[in-house]
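Structural overview
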Amino acid sequence: MIDKVTKIEDAMAHIKSGDTVMVGGFTVSGAPLTLLHYLEDMDVNNLTTISEDVGFAHQTFYENSANLLEKKKISKIIVSFVGGAKIVNDMISSGELQYELVPQGTLAERIRAGGSGLGGILTPTGVGTVAQEGKRVIEVDGKEYLLELPLHANVALVKAWKADHMGNAIFKYSAANFNPLMAMAADVVILECEELVETGEINPEDVKLPGVFVDYVVRPEEVIL
């Protein structure tokens, strides 16, 4: 029987300086806060993070793990929404933090393309705006589309409500959000779960993230909710 349950220090050791890291969640819903807090104290830097947002001040995972920015762990963010987190805006203004803003649907599709082995997606979103600058425009049936390239990561940090020892996972309500997509688009996937059950206990019909996409399962003694 395959057992992917791993100590947090062994799983997180796969993150190296300069890596691109995808982080699941929509603000704190489905965000792997325990893994992010562990990352604060790791000897890594110059990370690029891909996430939905950095968002709503104290509710953003960057604010819950503010040391990631204060300790200069992150050098670039790829997000849909920056929001009102003061440290994020200050670092962008000072040039300490690079950023790429991507419309939310486009971000999801670029991640999906990265996980599905596609060369990119065509979207009308951004045509004729500043978002078009530097991008290839392709005409299909008389309509213009932007070619958006796929996103891929060295490591994805995702969180589920419940997982088994093989990494099959289920989520509560909207907490699935970007987690399954990101698990498909990274070389190494570390899954944090609130509840760990034996393999076979989860109804296959309830699985939202198949274990085939997960490399390591971490069940911390105290999960940050």
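Here the structure is a predicted model, which means the values were calculated and not measured.

**Quick notes on the sheet that holds strand 7 (residues 143–148)**
Judged by pairing direction, the sheet is antiparallel, and its 3 strands sit side by side in the order 5-7-6 without closing on themselves. Taken across any chain shown, the strands that pair with only one partner, and hence form the sheet edges, are strand 5 (121–123) and strand 6 (137–140). Taking each pair of neighbouring strands and ignoring which way they run, the sheet shows an average axis angle of 45°. Bridging between strand 5 and strand 7 involves 3 bridges; their strand directions are antiparallel. Residue pairing in the sheet places threonine 123 in a bridge with leucine 146 of strand 7.

**What to know about the pattern of salt bridges**
By the definition in use, this model includes 8 salt bridges. One salt bridge in this structure joins glutamate 148 and arginine 110, with 3.9 Å as the shortest N-O distance. With glutamate 148 in strand 7 and arginine 110 in helix 6 (residues 104–116), this pair connects stretches of sequence that are 38 residues apart. Bridged by salt links that share partners, the residues Glu100, Arg110, Lys135 and Glu148 form one connected network.

**Some words on the side chain of glutamate 40**
The residue glutamate 40 is located in helix 2 (residues 33–40) in this model. Buried charge without a salt bridge: glutamate 40, with lysine 71 as the nearest opposite-charge side chain at an N-O distance of 5.3 Å. Of the polar contacts made by the side chain of glutamate 40, one reaches the side chain of histidine 37; its length is 3.2 Å.

**Comments concerning the side chain of serine 51**
In this fold, serine 51 is placed in the loop between strand 2 (47–50) and helix 3 (61–64). We classify serine 51 as buried; its relative accessible area is 1%. Only 3.1 Å separates the side chain of serine 51 from the backbone oxygen of aspartate 53, close enough to count as a polar contact.

**Thoughts on unusual backbone geometry**
A positive phi angle, close to 55°, is found at threonine 27, a residue other than glycine. Counting through the fold element by element, threonine 27 comes out in the loop between strand 1 (20–23) and helix 2. Residue classification places threonine 27 among the buried residues on the basis of a relative accessible area of 13%. With phi around 50°, tyrosine 173 is a residue other than glycine that occupies positive phi space. Position of tyrosine 173 relative to the elements: it lies in the loop between strand 9 (169–170) and helix 7 (179–184).

**Observations concerning the pairing of strand 4 (residues 98–101)**
Looking at chain direction, strand 3 (residues 74–79) and strand 4 are connected through 4 bridges and run parallel. From the neighbouring strand, isoleucine 77 faces strand 4, where its bridge partner is tyrosine 99.

Here is what the cut-offs are and how they apply
Residues numbered from 1 in each chain as written. Predicted model: local features only at pLDDT ≥ 70, side-chain atom pairs only at ≥ 80, totals over all residues. Heavy atoms only, no water. Pairing = 2+ DSSP bridges. Helix = DSSP H or I, 4+ residues; strand = E, 2+ residues; numbered from the N terminus. Axes fitted to C-alpha atoms, helices over the stretch in contact; angles between N-to-C directions. Salt bridge = Lys/Arg side-chain N within 4 Å of Asp/Glu carboxyl O. Buried < 20%, exposed > 50% of the residue type's maximum accessible area, 1.4 Å probe, protein only. Lys, Arg positive; Asp, Glu negative; His and termini not counted. Polar contact = N/O pair within 3.5 Å; in protein donor to acceptor, adjacent residues only side chain to side chain.

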